[in-house]
Amino acid sequence: MRVIYHSYWWSPALLVAAGIHLGYLPANRKPHGADFTRLVTELSQRLKAEAAGLHFGGTDGEGDDIYILGRNAGAPVVERAFHGVAAIFGVHPGEFLLVDVEPYEERWGKWGGSLLRAAGFVSASWWLRNRGFSRSYRRIARLVADVRGRIAIQKEGSREDLLPLLRERPYFGGRLGDSRGNPADGPPPGPGGDQARPKL
Amino acid sequence: MGRRPDPEEIRRVPNFDKLKNREIGTPIYVGPDEDGNRVYIIGLATGKKIMAAALRDFLLSCGVREGDVYFADALPGANVLTRIGGFLSRQAGLVRIGRPLCAIGIWQKYPQFVELVRRVKVDLGSRPSVPTGPGEVH
């Protein structure tokens, strides 16, 4: 399975989602201050230095390949384009999952941080961005947990014990590749740390 | 490719200025060329360079061979008239004004489109392996 996290341009939230999925960042708590800032900055710079396109982040513990895409087209265009070319070349829709991270971002951190940085106030930019992530980190962690759960469902097929979950949470019942989930705050992931899985 | 069609003829091309916003991103099959390559069109809005690179990377990661896919950017051939016509027709809904403008703009730049197609065909012809996969995305 290929998981493609995408968001508008190289959003830090995109890097955080991939970082959580790959275990670089904890899923059950927000990393603190300087460490978090340094990690996201380094990751961001490394990615920007590379050519535009799909960036391979790594392979998670389940053997799924994690990609990130900083797009400047709308999410629906990305969905249609990937599914369209996949159909042309006979790539089964079950082989990849597109996950839009943009709805899970905190607006103040996203826009405020970008504006301040563009104006040259780098420290203030990171302060605002960190403040934004305090609010959105758990949502992004929850998204990653949902994605893992969804992949597990896809791999397991129609297990009976998963059916109540499908009924309770329409997000899981969507078409694979239709990554528009519910960005509402959910409970924080369990104590399983980086490998936390949704409660199935 | 040997002659220049008039704007009215351009307007009669299937799908010309008829795609809706919700179809942007969806590849549309146009037909095979004389070498058997399958030709598609795809609108990628503002992110065409990034998206084309991402789609190519994605296909390669799925095992599609490098020689089986070719992306050609057709937008540099569009002039201001085409862009204004396209905006009026697709965004503002003024089809009667926008579509003819769009066709005239294409007509003005027609030699550039011919050149683009020539270049693509030369590129395809110079490739080491003849494409045998399911499609060429142009």
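For the structure itself, look to the data block above.
Positions within a chain are numbered from 1, following the residues in the order the chain's sequence is written. Lettering for chains starts from A, numbering for ligands starts from 1, and both go in the order in which the items are written. Per-residue local features of the predicted model are confined to residues with pLDDT of at least 70, and side-chain atom pairs are confined, for both listing and counting, to 80 or more; whole-chain, interface and lining totals are unaffected and use all residues. Side-chain numbers here rest on the full set of heavy atoms in the structure, without hydrogens or water.

Some remarks on the sheet that holds strand S2 (residues 55–59) of chain A
Residue and element names in this part refer to chain A.
Here is step 1 of the chain: Taking strand neighbours across the sheet as the criterion, the four strands line up as S2-S3-S1-S4 in an open arrangement whose pairing is mixed. In the strand order of this sheet, the two ends are held by S2 and strand S4 (96–100), each with one partner. Going across the sheet, the axis of each strand differs from the next one's by a mean of 25 degrees, ignoring polarity.
Here is step 2 of the chain: For S2 and strand S3 (residues 65–71), the ladder comprises four bridges, and the chain directions are antiparallel. Counterpart to Phe56 in the pairing with S3 is Tyr67.
Here is step 3 of the chain: Against the sheet, helix H3 (residues 75–88) contacts strand S1 (2–8), S3 and S4, and its axis sits at roughly 170 degrees relative to S4. Criterion used throughout: strands pair if DSSP finds at least two bridges between them. Secondary structure elements follow DSSP: runs of H or I of four or more residues count as helices, runs of E of two or more count as strands, with numbering from the N terminus. Axes here mean lines fitted to C-alpha atoms, for a helix over just the part in contact, with angles spanning 0 to 180 degrees between N-to-C directions. Residues are treated as being in contact if the distance between any of their heavy atoms lies within 4.5 Å.

Some details on the interface of chain B and chain A
Here is step 1 of the chain: Each side of the interface is counted separately: chain B has 29 residues, and chain A has 24 residues.
Here is step 2 of the chain: The contact between chain B and chain A buries some 2100 Å² in all, and 77% of this surface belongs to carbon and sulfur atoms.
Here is step 3 of the chain: Buried area, as used here, totals the accessible surface that two parts lose on assembly, with accessibility defined by a 1.4 Å probe and the loss added over both. In terms of surface lost to chain A, no three residues of chain B exceed Ile50, Met51 and Phe58 of chain B, which account for 29% of the buried area on that side.
Here is step 4 of the chain: Throughout this description, the term salt bridge denotes a Lys or Arg side-chain nitrogen within 4 Å of a carboxyl oxygen of Asp or Glu. Our count for the chain B to chain A interface comes out at zero salt bridges.
Here is step 5 of the chain: Residues adjacent in sequence count toward polar contacts only when both atoms are side-chain atoms; beyond that, a polar contact is any pair of N or O atoms within 3.5 Å, and within protein one must be able to donate a hydrogen and the other to accept it. Linking chain B with chain A are five residue pairs in polar contact (both at pLDDT 80 or more).
Here is step 6 of the chain: For the side of chain B that touches chain A, the leading source of residues is helix H2 (residues 48–61) of chain B, giving nine residues.
Here is step 7 of the chain: Three categories are distinguished: nonpolar for Ala, Val, Leu, Ile, Met, Phe, Trp, Tyr, Cys and Pro, charged for Asp, Glu, Lys and Arg, and polar for the others, with Gly belonging to the last. For the side of chain B that touches chain A, a count of residues per class yields 17 nonpolar, eight polar and four charged.

Focus: the pairing of S3 of chain A
All names here are of chain A.
Here is step 1 of the chain: In terms of burial, S3 is largely enclosed, as six of its seven residues are buried.
Here is step 2 of the chain: Two elements, S1 and S3, share seven bridges in a ladder whose sense is parallel. For Ser7, the partnering residue across the bridge sits in S3 and is Gly70. Here's how the labels work: a residue is buried when its accessible area is under 20% of the maximum for its type, exposed when over 50%, partly exposed in between, all with a 1.4 Å probe on protein chains only.

What to know about the nonpolar core
The tendency in soluble globular proteins is for nonpolar side chains to be buried side by side.
Here is step 1 of the chain: Grouping buried Ala, Val, Leu, Ile, Met, Phe, Trp, Tyr and Cys residues that are joined through side-chain atoms within 4.5 Å yields what is termed a nonpolar core. Counting 30 residues, the largest nonpolar core has Ile4, Leu54, Leu69 and Phe82 of chain A together with Met51, Leu55 and Phe58 of chain B as the members making the most contacts within it.
Here is step 2 of the chain: Sorting the residues of this core by element identifies S3, H3 and S4 of chain A together with H2 of chain B as the ones contributing at least two each.
Here is step 3 of the chain: Phe58 of chain B has contacts with Ile4, Leu54, Phe82, Val85, Ala86, Val91 and Phe96 of chain A, leaving out every residue within four places of it along the chain.
Here is step 4 of the chain: With 26 residues, the next largest nonpolar core counts Ile68, Val101, Val147 and Ile151 of chain A among its residues.

Overview of the environment of Gly85 of chain B
Residue and element names in this part refer to chain B.
Here is step 1 of the chain: Among the secondary structure elements, Gly85 is positioned in helix H3 (residues 80–91).
Here is step 2 of the chain: Overall, the relative accessible area of 0% leaves Gly85 in the buried class.
Here is step 3 of the chain: Each C-alpha atom of the pair Gly85 and Phe71 lies 25 Å from the other, and the pair is 14 residues apart in sequence.

Quick look at helix H5 (residues 110–125) of chain B
Residue and element names in this part refer to chain B.
Here is step 1 of the chain: For H5, with 16 residues, the first-to-last C-alpha span of 23 Å sits near the 22 Å given by 1.5 Å per residue.
Here is step 2 of the chain: Those residues of H5 that sit buried are Phe113, Val114, Leu116, Val120 and Leu124. For H5, the angular spread of buried residues about the axis comes to 155 degrees, placing them on one side. Turned more than 90 degrees from where H5 packs its buried face, Val122 and Gly125 sit exposed.
Here is step 3 of the chain: Against the buried residues of H5 lie helix H4 (95–108). For a helix, the expected span equals 1.5 Å multiplied by the number of residues minus one. Comment: arc refers to directions from the helix axis out to C-beta atoms.

A word on the packing of H3 of chain B against H4 of chain B
All names here are of chain B.
Here is step 1 of the chain: Orientation of H3 relative to H4, taken along the N-to-C sense of each, is 155 degrees, at an axis distance of 7 Å. Considering their axes alone, H3 and H4 lie roughly antiparallel with respect to each other. You can see that H3 and H4 cross each other, and the crossing is left-handed. Where H3 approaches H4, its residues Leu81, Thr82, Gly85, Gly86, Leu88, Ser89 and Arg90 are matched on the opposing element by Val95, Ile97, Gly98, Arg99, Leu101, Cys102, Ile104, Gly105, Ile106 and Gln108.
Here is step 2 of the chain: Taken together, the residues that form the contact of H3 with H4 break down as eight nonpolar, seven polar and two charged. Any angle that falls under 35 degrees is termed roughly parallel, while one over 145 is termed roughly antiparallel, one within 65 to 115 roughly perpendicular, and all others oblique. Working rule for handedness: look at the near helix, and if it is turned counterclockwise from the far one by less than a right angle, call the crossing left-handed; if clockwise, right-handed.

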